[in-house]
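# Inside the fold
What follows is each chain in one-letter form.
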Amino acid sequence: MISSNDISIIVQGAINDKETPQCLTSIRKYLPGAEIILSTWESEEVTGLDYDILIQNKAPGAVFMDINGRKIYNNINRQLYSTQQGLKHAGRKYALKLRSDLILTSPQFLEYFDQFQERTGNYRLFNRKILTDVFFSRYKIKTGKHYTIIPFHISDWWFFGLKEDLDTYLLQTPLVKEPEFTDYFKLNPDKTGTFGLATFKFAPEQYFCYSCFARNFDDIYMKDCSDINDTISQKSREAIINNFIILGYEQSGIYLNKYPCSKHPQAHEFVGMYNFYKYQSEYKEFCDSSYKISTPKPVYEDENAGFAKLRIQKHLTKLKSPSTPLVRKFEELFISLPVSVFLYIYKLLKSCFTHNHDTN
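Residues numbered from 1 in each chain as written. Predicted model: local features only at pLDDT ≥ 70, side-chain atom pairs only at ≥ 80, totals over all residues. Heavy atoms only, no water.

Assignment of secondary structure puts Gln12 in strand S1 (residues 7–12). Classification of Gln12 as buried rests on a relative accessible area of 5%. (Helix = DSSP H or I, 4+ residues; strand = E, 2+ residues; numbered from the N terminus. Buried < 20%, exposed > 50% of the residue type's maximum accessible area, 1.4 Å probe, protein only.)

Turning our attention to helix H3 (residues 163–171). Those residues of H3 that sit buried are Lys163, Asp165, Leu166, Asp167, Tyr169 and Leu170. Structurally, H3 contributes buried residues whose contacts are with helix H2 (76–89), strand S6 (94–99), strand S8 (130–133), strand S11 (158–162), helix H5 (204–216) and strand S12 (244–247). (Contact = heavy atoms within 4.5 Å.)

Moving on: the packing of H2 against H5. Closest axis-to-axis distance for the H2/H5 pair is 10 Å, and the angle between their directions is 50°. Overall, the two elements H2 and H5 adopt an arrangement that is oblique. Of the two elements, H2 crosses H5, and the hand of that crossing is right-handed. In this structure, H2 contributes Ile76, Gln79 and Leu80 to the contact, and H5 contributes Pro204, Tyr207 and Phe208. For the contact of H2 with H5, the class distribution of residues is five nonpolar, one polar and no charged. (Axes fitted to C-alpha atoms, helices over the stretch in contact; angles between N-to-C directions. Parallel < 35°, antiparallel > 145°, perpendicular 65-115°, else oblique. Left-handed = near helix turned anticlockwise from the far one by under 90°. Nonpolar A, V, L, I, M, F, W, Y, C, P; charged D, E, K, R; others polar.)

Time to look at the packing of aromatic side chains. Within this structure, the stated rule accounts for 34 aromatic pairs. Judged by centre distance (5.5 Å) and plane angle (55°), the ring pair of Phe116 and Tyr291 falls under tilted. Here the residue Phe116 occupies a position in the loop between strand S7 (102–104) and S8, and Tyr291 occupies one in the loop between helix H8 (276–286) and helix H9 (306–320), the gap between them amounting to 175 residues. With a relative accessible area of 5%, Phe116 lands in the buried category. Ring plane angle 85° and centroid distance 5.1 Å describe the contact between Phe135 and Phe136, whose orientation is recorded as edge-to-face. We note that Phe135, like Phe136, is buried. (Phe/Tyr/Trp six-rings, centres within 6.5 Å; stacked < 30°, edge-to-face > 60°.)

This is the structure:
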């Protein structure tokens, strides 16, 4: 297996008082010889944190989207810039890019680096496939009553691979022009975006992936995230299977406290995200017809109830956590959890009714 002495780790983003120390401690525990590069912002407090190289960047601006009165900041340039600055200082053969609030529970992901190496003849870009997470590696999204395919939407939580391959993927990606990028569908009201009320031109994960392949292959082009057809969908599937290995928590040992359900494999089958079974199925279809899938097919459950079930898991995790304030636990127990349970039951019943009606 790859030695941790050969790995540079870019821990990028804002400093989270709780998770960032845990992130750095977990790296030292499971990858003790690795070089830790903390790439954060000038204003962040880093006293007492464990790192080898500190980069305190001047933060690019972030633009917010107003979604039903909620201001949701699009930090795409901050994520990209802090990652790029970290990669520029990485001096070892392999690189691991991590959000600053991700936590390692093992170095298990390294075991998969030499697997799934068969490829098709098209869209072979990296020297070796890059490892990433199932969470927010999307292949479809529900819009109204129907699902829409999402091309080139690969999780940006973490990446592991040859340092030169991460450079190819991220180092040449230009920062987006703001506010034109985040306000794209607001400025183009004749168009309809793919991501509900979000107005950005591409989701951040999709922008990183799409822009990389678009600048390396002349036949890959999308005007924006709504520019979807069967051809671009097929190109995306082949580009992804030829260049990435998509792992769940059971395979990687990496999770995010912000999304407690990131530890649960059943989460991904509901909401248009890859699971390890689907990745293996795509690999078998495109790359190696003799490959034997090692993971059982997930039990089908209604996708309409998926988000409600994820929220139930999230509330239960917060209730169990010793760090959750008592007032918040009361809120979770008597408000948030009952609402999510009600929605889950309602959607299941609605789905059963719809299914019975359709089969009559």
